[in-house]
Amino acid sequence: MAQRGPTRPTARIEEAIGFVGTFGILFLGATVFCELTGRPALGWALTLLVCVLGVVVLDR
């Protein structure tokens, strides 16, 4: 049975940044799609802003 090494203290924060960043990329795609097709994109853009702010807070 393989032994697991100690986890880094920043591992959970890095996982959270990846999780929030992935959704940020998805919301960016939805915002761009809505802008190009003429649909309302304010809700998507505000959600994207929340994701970007979340990444900034997690990075600090």
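In this report, we go over the structure that sits alongside the text.

What counts, and at which threshold
Residues numbered from 1 in each chain as written. Predicted model: local features only at pLDDT ≥ 70, side-chain atom pairs only at ≥ 80, totals over all residues. Heavy atoms only, no water. Helix = DSSP H or I, 4+ residues; strand = E, 2+ residues; numbered from the N terminus. Rg over C-alpha atoms; globule rule 2.2 N^0.38 Å. Buried < 20%, exposed > 50% of the residue type's maximum accessible area, 1.4 Å probe, protein only. Expected span 1.5 Å × (residues − 1). Polar contact = N/O pair within 3.5 Å; in protein donor to acceptor, adjacent residues only side chain to side chain. Contact = heavy atoms within 4.5 Å. Patch = residues over 30% accessible without salt bridge, like charges linked within 9 Å, V, L, I, M, F, W, Y side chains within 5 Å. Areas by Shrake-Rupley, 256 points an atom, 1.4 Å probe, with all protein chains shown as cover. Salt bridge = Lys/Arg side-chain N within 4 Å of Asp/Glu carboxyl O.

1. Some points on the overall build of the protein
- From N to C terminus, the protein includes two helices and zero strands.
- The C-alpha radius of gyration of the protein comes to 16 Å, more than 25% above the 10 Å expected for a compact globule of 60 residues.
- On the principal axes, the C-alpha backbone points of the protein span a range of 55 × 25 × 10 Å.
- The buried share of the protein, reckoned over its 60 residues, is 15%.

2. A closer look at helix H1 (residues 11–37)
- With 27 residues, H1 ought to run about 39 Å at 1.5 Å a step, and its terminal C-alpha atoms sit 39 Å apart, in line with that.
- Burial in H1 covers these residues: Ala11, Gly24, Phe27, Ala30, Thr31 and Cys34.

3. What about the side chain of threonine 31?
- Relative to the helices and strands, threonine 31 resides in helix H1.
- A polar contact is formed between the side chain of threonine 31 and the backbone oxygen of phenylalanine 27, at a distance of 2.7 Å.
- Engagement of the side chain of threonine 31 in a polar contact is seen with the backbone oxygen of tryptophan 44, the distance being 3.5 Å.
- Contact partners of threonine 31, with chain neighbours within four places excluded, come to Ala41, Trp44, Ala45 and Leu48.

4. Remarks on a nonpolar patch on the surface
- A surface patch of nonpolar side chains, amounting to about 400 Å² of accessible area, comprises Leu42, Leu46, Leu49 and Leu53.
- Note on placement: leucine 46 falls in helix H2 (residues 42–59).

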